[in-house]
Amino acid sequence: ALNSCVCHGAPLASHGTIEIARGESATCDGSIFTAQIAWPVRTKVAAAAAIALLLQESVCGAADHNMTAFRVCSAGGKRPKVEKGYEDDGEARGGQRLLG
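Residues numbered from 1 in each chain as written. Predicted model: local features only at pLDDT ≥ 70, side-chain atom pairs only at ≥ 80, totals over all residues. Heavy atoms only, no water.

What about the layout of surface pockets?
For the largest pocket, the calculated volume is near 1,100 Å³. Lining the largest pocket are 36 residues, and of these T34, A35, N66, M67 and L98 lie nearest its centre. Of all the secondary structure elements, the ones that give two or more residues to the lining of the largest pocket are strand 4 (31-33), strand 5 (36-39), helix 1 (44-54), helix 2 (58-61), strand 6 (68-74) and helix 3 (94-98). In terms of residue count, strand 6 provides more of the lining of the largest pocket than any other element does, five residues in total. Taken together, the residues of the lining of the largest pocket break down into 24 nonpolar, eight polar and four charged. (1 Å grid on protein atoms, 1.4 Å probe; cavity = no way out; pocket = protein on both sides within 12 Å on 5 of 7 lines; lining within 4 Å. Points joined across faces, edges and corners; volume = space filled by probe spheres on them. Helix = DSSP H or I, 4+ residues; strand = E, 2+ residues; numbered from the N terminus. Nonpolar A, V, L, I, M, F, W, Y, C, P; charged D, E, K, R; others polar.)

Digging into the pattern of salt bridges
For the structure on display, the rule yields one salt bridge. Of the charged contacts in the structure, one is a salt bridge between E57 and R22, with a shortest N-O distance of 3.2 Å. Note that E57 is positioned in the loop between helix 1 and helix 2 and R22 in strand 2 (residues 17-22), a separation of 35 residues in sequence. The class for R22 is buried, based on a relative accessible area of 18%. (Salt bridge = Lys/Arg side-chain N within 4 Å of Asp/Glu carboxyl O. Buried < 20%, exposed > 50% of the residue type's maximum accessible area, 1.4 Å probe, protein only.)

Describing the nonpolar core
It is characteristic of soluble globular proteins that their nonpolar side chains tend to be buried jointly. A10, L12, I18, I20, A38, A50, L53 and L54 form the largest nonpolar core, which has eight residues in total. Listed by contribution, the elements that provide at least two residues to this core are strand 2 and helix 1. Take this core: its biggest share by element is three residues, from helix 1. (Core = buried A, V, L, I, M, F, W, Y, C linked by side-chain atoms within 4.5 Å.)

Rendered as structure tokens:
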């Protein structure tokens with residue numbers, strides 16, 4: 001639940017500063033799930049840098065699997081281009097499911 005989240009700003013090299021929020025952990029069938037989000041992230045390269053930064057958070061170090069996903073929209077041309085990516089980290093289709 002993000003109503004009691006941990007939030008802080010973080011420098012993201014040449015991509016400026018991002019905000020990071022982490023919700024409370026949830027437990028289901030012996031597994032612990034913790035969601036994190038970073039914003040604003042405007043490019044695929046910035047998304048990769050933000051994910052690398054998020055994976056350094058202490059909550060990720062103890063995890064068996066760190067699934068990640070991103071979606072960014074570029075303003076090039078007449079129609080914005082949506083780029084997305086994900087990493088399952090051993091969980092079948094886990095990262096893909098994060099994209100919805």
